[in-house]
Amino acid sequence: MSSVEGADTVVRRWLALALESISAHEDELGRLDAAAGDGDHGATMVRGLRAANAALSTATGSAGDLLSAAGGAFADAAGGASGALVGALLTTTGRTLGNGPYDTASVVKALQAALTMVMRLGRAQPGDKTLIDALKPFVDALAAQPADAPLSVAWRAALPAAMAGAEATQSMIARRGRSAKLGERSLGHPDPGAVSLVLLLQAADTVFATS
Amino acid sequence: MSSVEGADTVVRRWLALALESISAHEDELGRLDAAAGDGDHGATMVRGLRAANAALSTATGSAGDLLSAAGGAFADAAGGASGALVGALLTTTGRTLGNGPYDTASVVKALQAALTMVMRLGRAQPGDKTLIDALKPFVDALAAQPADAPLSVAWRAALPAAMAGAEATQSMIARRGRSAKLGERSLGHPDPGAVSLVLLLQAADTVFATS
Amino acid sequence: MTRLFNDPADFREELIEGFVAAYGRLVRRVPDASGVMAIDAPQPGKVSVVVGGGSGHYPAFCGYVGPGLAAAAVMGNVFAAPSAEQVYRVTKAVASDAGVLYCYGNYSGDVLNFDMAELRCQDEGIDVRTVRVTDDVASAPRGQEEDRRGIAGDFFVFKIAGAAAARGDTLDEVERLARKANERTRSFGVAFGGCTLPGQSAPLFTVEPGRMELGLGVHGEPGIQSSYMRPALEVADLLLDTLLADAPPDAGSTVAVLLNGLGSTQYEEMFVLYKDINRRLQAEGLTPYKPIVNEMVTSLDMAGCSLTLCWLDDELTALLDAPCASAAYTNM
Amino acid sequence: MTRLFNDPADFREELIEGFVAAYGRLVRRVPDASGVMAIDAPQPGKVSVVVGGGSGHYPAFCGYVGPGLAAAAVMGNVFAAPSAEQVYRVTKAVASDAGVLYCYGNYSGDVLNFDMAELRCQDEGIDVRTVRVTDDVASAPRGQEEDRRGIAGDFFVFKIAGAAAARGDTLDEVERLARKANERTRSFGVAFGGCTLPGQSAPLFTVEPGRMELGLGVHGEPGIQSSYMRPALEVADLLLDTLLADAPPDAGSTVAVLLNGLGSTQYEEMFVLYKDINRRLQAEGLTPYKPIVNEMVTSLDMAGCSLTLCWLDDELTALLDAPCASAAYTNM
Ligand SMILES: Nc1ncnc2c1ncn2[C@@H]1O[C@H](COP(=O)(O)OP(=O)(O)O)[C@@H](O)[C@H]1O
Ligand SMILES: Nc1ncnc2c1ncn2[C@@H]1O[C@H](COP(=O)(O)OP(=O)(O)O)[C@@H](O)[C@H]1O
Ligand SMILES: [Mg+2]
Ligand SMILES: [Mg+2]
Ligand SMILES: [Mg+2]
Ligand SMILES: [Mg+2]
């Protein structure tokens, strides 16, 4: 899995599985978004992932190039807040990772860069009830794994932090994004962006575990 | 009842009772109209009768004047096809009847004039599924009563013809009025204008029987 | 359904007051009558076009009153023709020495009341003519065109009559042009959901989910046929098949087009549908002239739409293009 | 609900195609981008005002593209901001030597994507500025005006920016005027029923019969409060109480007024409501300037309406009055 050959396959398998998983949850994500937002998060993510997969079907190169291409296609097709942010997440990860060999440390570095970019673009802080509340705990937990742990092991170990983070958004009041305007009425529902981010991370886990 | 004094009271009592009766059937008349028309017949008749009663509260004179005043107010407030036709029915009856003493023969003459006017205005023939299909049989039946029969007796004897006429509109295809456009889809429901006309005639019967 | 009202019995009066309050720059109230008149009406030497009908169809009818369009609108209660008395009063207020043209959709109630007013006005020496709009092909078969009811085609007939009047055409000529516009106009509509009268809780009619009614009237009169709901592409074909089968003879190939929303059909949906309508028009060799996709004659909050084609020639085109200003339609 | 479509995934593309087919006399498609541009854009020496946002709000945004108004609109999918890539492409197509002003409602997705495009365009030497519309008083308290979302107030800000651009004002000046218009504009809305996204069968939200939501967003974002349904008179007071409590300081007493329908609220209802709004405005000593009662920024087929006041001064009034032509709004 640290071979350059396998990396492109991992990315392709991940995004294919991510589309499957998000599609299966499309209605649920829409309902979560409707609770305090505009109800389109499921549709937006599906649209973005379809375009990302379509872009990969003609793209060549290894992980870095593929993630960049996927991120561009995702952002453009998805639109909305999640299009811009998840798109930038993919693209920045890809650019930072590059096409060379990768390991847990280089993936951590890439995700840290992506987290920084997403926070800069969206100007959201932890606690604002956004996907940051799943992403940051995950990146922190991944960074806390032993540097020599295989990625599949480290990833699985970090996953609960993302899930806990998404769970915790239930009791947060939205401050960024459309639902920010609702104040207290956003309480009691998890943030849809945080939930879909966990699905993306889980899909990666499945791919790592089977490759 | 053939005294000039009582005639104005009869008209006032009739229109008050007519408003009560039509109001009680407002929804039903609306539903009948909705079956093939625009659903407003109940509302239109109530509006017209309210205005007719309001006009009578300030009008003076005997039957002829009161019916003319009521007809004008009815037509103006009701609007629509039934406003024009029932308004003309009232006004023409009133004008023809005049303010002198009345009996069965003079009422027959007045209603015949009114029927002619309504048919001229609306250009409807018997069988076109309109209020004519209740009005004409009634006027014909009233005219067929013995010339010396008291009005209350003659009226009650003629009433079944109106009811049968309204009933028969169920199996007619509308040719005049809004529902004309529907052709066959108007089958199976009686014409709302014919039904409300029967209610008006029945209210008069009640008044005649109790005055 | 209707939610914003005070006493349903005052609905018409309040809506007229609100309309005049909002658009006082274009219209004023006809004193003591249920109607509005253009601020510049009547104009000596110019025909006054008087439109009208029941309320519930905004922008029809008051939305089309203003310079270059109708001189006045007589406004009935919701779905009820205005009374002859009101038509008479409005006519008196805007009658000019050049005469008056009545223009309205062909419904029994409107015909009765406008005709009675016309007789009364003529008795008083006002020259009044009438052109009834009969564009709805669903409402009577070919050969009985004059029995058809008027729906969204009202707009083209009013616009052409108003423009002819504004440029100073004689009453004969305004009448001829309005009649010609009507003879060259065809509409057909579909509905997906019913509308509710003010103060009532149940809709006038309902359409089963997943189905649509073809040829439904703008007052909720049931359609001529019911069908399963189809993709936009097929709805476009259905509308055009019906209209083209009824095209006026020798009318040329340039058509003014109105895709009209009845109330709660979304504008975005209408544009998706128009894409398919446009392709089909092109395929038929017809040239759409300045199409309009908008709500021009509604039916309270009914869901559905209609397609209107008006086959143009040079004189009708010039009148459609003439400037006008009104609450609902401004052309420059 | 949305009934007329083919593949829901093609909804935006088909609606753009239909819109351009209908209104080719005013706009054309931006090549290779999800947007439309005015037939006369870009004009050398004149700022191009670029508006945009998710679809589902027609006439916002493409309905406001045309001479004297916006130079272009970037169109996202239903309720989704357009991507930065599309904003960039549209900007490139209409950028003039005088620069570009972005004008759009303040939503996270729009801010993200327009900002990214702005950076990219600036890197390429195009002078781009941004004025976000923040008129909805329900969406953030006083003192946090810049966090508010944009709803029907879009219209006044677009109109004023477009008119300033059309008369040749510098980018600094167009930006200043748009910002001033926004600072003087306040809106508040009520909703009675939900809307349904294309291809979905359940509405985004529902409102219990007999109740209304106050301060609901134009994307179906829940309101700030729920209330029993009230007569029009009380709804008028509720809207005005809220807006007047939030009036911009020292803004004078002349207000442009927009009573905006969200989709399936009937025009007639809005006029009834406007009657009561007008009376209240008069009672408050405010002078309504050329009020508009219409559907100007919708939310698919949502039932509800919003009231917008824009406190005018002479320079804003002149810009509101300037001529313009677009699919949805023509002034002359
Ligand atoms: N400024 C922001 N920073 C971080 N995340 C954000 C921001 N705005 C929105 N989000 C995320 O995006 C999600 C909503 O995505 P989506 O519904 O697809 O877009 P939109 O809000 O444009 O409709 C939210 O649940 C939240 O996680
Ligand atoms: N031309 C006509 N001649 C006779 N009766 C008519 C005519 N047109 C309509 N009607 C009567 O009027 C009734 C409908 O009245 P109403 O619903 O109040 O008016 P509208 O048809 O204008 O909505 C019909 O049921 C029919 O009896
Ligand atoms: Mg969303
Ligand atoms: Mg009726
Ligand atoms: Mg009626
Ligand atoms: Mg969205």
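In this numbering scheme, every chain counts its residues from 1 along its sequence in written order. Each chain is given a letter, starting from A, and each ligand a number, starting from 1, according to the order in which they appear as written. The predicted origin of the model limits local features to residues at a pLDDT of at least 70 and limits the giving and counting of side-chain atom pairs to 80 or more, whereas totals for whole chains, interfaces and linings rest on all residues. To obtain the side-chain values, all non-hydrogen atoms of the structure were included, while hydrogens and water were left out.

1. A look at the packing of helix α5 (residues 171–183) of chain C against helix α8 (residues 314–321) of chain C
Residue and element names in this part refer to chain C. Every axis in this analysis is a line fitted to C-alpha atoms, fitted for helices over the stretch in contact. Angles between the N-to-C directions lie between 0 and 180 degrees. The numbering of helices and of strands both runs from the N terminus, where a helix is a DSSP run of H or I of at least 4 residues and a strand a run of E of at least 2. It is the contact of α5 with α8, at a shortest axis distance of 11 Å, that shows an interaxial angle of 100°. Looking at the two axes, α5 sits roughly perpendicular to α8. For the pair formed by α5 and α8, the contact residues are Arg 176, Leu 177, Lys 180 and Ala 181 on the first element and Glu 315, Leu 316 and Leu 319 on the second. Tallied by class, the residues present in the contact of α5 with α8 amount to four nonpolar, no polar and three charged. By the definition adopted for this analysis, an angle is roughly parallel if under 35 degrees, roughly antiparallel if over 145, roughly perpendicular if from 65 to 115, and oblique otherwise. Any two residues whose heavy atoms approach within 4.5 Å are treated as being in contact. Only Asp, Glu, Lys and Arg are considered charged, only Ala, Val, Leu, Ile, Met, Phe, Trp, Tyr, Cys and Pro nonpolar, and every remaining residue, Gly among them, polar.

2. What about the sheet that holds strand β9 (residues 225–228) of chain C?
All names here are of chain C. With mixed pairing, the six strands of this open sheet are ordered in space as β9-β8-β7-β12-β10-β11. This sheet does not close on itself; its edge strands, each paired only once, are β9 and β11 (287–294). In this sheet, adjacent strand axes meet at a mean angle of 20° when their direction is disregarded. Across the sheet, helix α6 (residues 232–244) lies against β7 (185–193), β8 (211–214), β9 and β12 (303–311), angled at about 145° from β7, the strand it touches most. DSSP calls a pair of strands paired once it identifies at least 2 bridges connecting them.

3. Thoughts on the pairing of strand β5 (residues 100–105) of chain D
All names here are of chain D. A 1.4 Å probe rolled over the protein chains alone gives each residue an accessible area, and that area as a share of the maximum for its type sets the label: buried under 20%, exposed over 50%, partly exposed in between. The element β5 is largely enclosed, with a buried count of six among its six residues. Taking every second residue as pointing to the same face, both faces of β5 are buried, with Val 100, Tyr 102 and Tyr 104 on one and Leu 101, Cys 103 and Gly 105 on the other. Where strand β3 (residues 48–55) meets β5, four bridges bridge the pair, whose relative direction is parallel. Looking at the pairing, Val 51 lines up with Cys 103 of β5. Note on handedness: a crossover is taken as right-handed if, strands pointing away from the viewer, the path from the first strand over the helix to the second is clockwise. One crossover worth recording links β5 to the parallel strand β6 (residues 128–133) by way of helix α3 (residues 108–123), and it is right-handed.

4. Considering the site of ligand 1
For this purpose, a residue is taken to be near a molecule or strand whenever a single non-hydrogen atom of the residue falls within 4 Å of it. Within the structure, ligand 1 sits among 20 residues, and Asp40(A), His41(A), Ser82(A), Asp191(A) and Ser108(D) are positioned closest to it. Chain contributions to the surroundings of ligand 1 come from chains A and D. Distance and chemistry together define a polar contact, namely a pair of N or O atoms within 3.5 Å, with one atom able to donate a hydrogen and the other to accept it when in protein, and with adjacent residues in sequence counting only for side-chain atoms on both sides. Take Asp38(A): an N or O atom from its side chain is 3.0 Å from an oxygen atom of ligand 1. With respect to ligand 1, the side chain of Asp40(A) contributes an N or O atom lying 2.9 Å from an oxygen atom. In the complex, the protein chains occlude 97% of the 550 Å² of accessible area that ligand 1 would expose alone. Elements with a minimum of two residues in the shell around ligand 1: α3 (41–58), α5 (80–97) and α9 (192–209) of chain A. In terms of residue count, α5(A) provides more of the shell around ligand 1 than any other element does, four residues in total. Counted by class, the shell around ligand 1 contains five nonpolar, nine polar and six charged residues. Shrake-Rupley sampling with a 1.4 Å probe provides the accessible areas, and residues are treated as covered by the protein chains on show and by no other component.

5. Observations concerning the interface of chain C and chain D
With 57 residues of chain C at the contact, the number on the chain D side is 58 residues. Interface of chain C and chain D: buried area, both sides summed, is about 5000 Å²; carbon and sulfur atoms make up 62% of it. Interface area lost by chain C to chain D is led by Leu4(C), Glu268(C) and Phe271(C), which between them contribute 16%. Within this document, salt bridges are pairs made up of a side-chain nitrogen of Lys or Arg and a carboxyl oxygen of Asp or Glu, the two lying within 4 Å of each other. Counting every contact that joins chain C to chain D gives four salt bridges. For the salt bridge of Glu14(C) with Lys275(D), the shortest nitrogen-to-oxygen distance reads 2.5 Å. Put simply, buried area is how much 1.4 Å-probe accessible surface two parts lose in total, over both of them, once they are put together.

6. Focus on the relation of the copies chain C and chain D
Superposition of the two copies of the chain requires a rotation about an axis and a shift along the axis. The two copies are related by a screw motion: chain C maps onto chain D through a turn of 180° and a shift of 0.0 Å along the axis, at an RMSD of 0.0 Å. In symmetry terms, the pair is related by a two-fold rotation axis. Within chain C, the C-alpha atom positioned nearest to the axis of rotation is that of Ser264(C), 2.2 Å from it. When the interface residues of chain C are mapped onto chain D, 100% of them are again interface residues, pointing to one common binding face. Least squares is the method used to superpose the copies, on C-alpha atoms of residues holding a pLDDT of at least 70 in both.

7. Let's talk about the site of ligand 2
Of all residues adjacent to ligand 2, which total 20 residues, the nearest are His41(B), Ala81(B), Ser82(B), Asp191(B) and Ser108(C). In this structure ligand 2 sits where residues from chains B and C come together. Contact distances for ligand 2 include 3.0 Å between an oxygen atom and a side-chain N or O atom of Asp38(B). Taking Ser108(C), its side chain carries an N or O atom lying 2.7 Å from a nitrogen atom of ligand 2. Counting residues per element, the ones that place at least two in the shell around ligand 2 are α3 (41–58), α5 (80–97) and α9 (192–209) of chain B. For the shell around ligand 2, the leading source of residues is α5(B), giving four residues. Partitioned by chemical class, the residues of the shell around ligand 2 number five nonpolar, nine polar and six charged.

8. Quick notes on the environment of Ala51(A)
All names here are of chain A. By secondary structure assignment, the location of Ala 51 is in helix α3. A C-alpha to C-alpha distance of 26 Å links Ala 51 and Val 139, two positions 88 residues apart in sequence. When sequence neighbours within four positions are dropped, the list of residues in contact with Ala 51 reads Ala 73 and Ala 77.

9. Here we look at the domain arrangement of chain C
Residues and elements named next belong to chain C. What the domain assignment lists for chain C is domain 1 (8–183) and domain 2 (185–319). Residue-level contacts link 36 residues of domain 1 with 40 residues of domain 2. Summed over both partners, the interface of domain 1 with domain 2 buries about 3200 Å², with 63% contributed by carbon and sulfur atoms. Considering only the surface of domain 1 that becomes buried against domain 2, Phe 79, Val 137 and Phe 156 emerge as the three largest contributors, covering 19% of it. Asp 313 is the partner of Lys 180 in a salt bridge, and the nearest nitrogen-oxygen pair spans 2.3 Å. For the interface between domain 1 and domain 2, the tally reads 18 residue pairs in polar contact (both at pLDDT 80 or more). Elements with a contribution of two residues or more to the side of domain 1 that touches domain 2: α4 (154–166) and α5. Here the element with the most residues in the side of domain 1 that touches domain 2 is α4; it accounts for seven residues. Looking at the side of domain 1 that touches domain 2 residue by residue, the class counts come to 20 nonpolar, five polar and eleven charged. Domains are outlined according to an automatic or database domain assignment.

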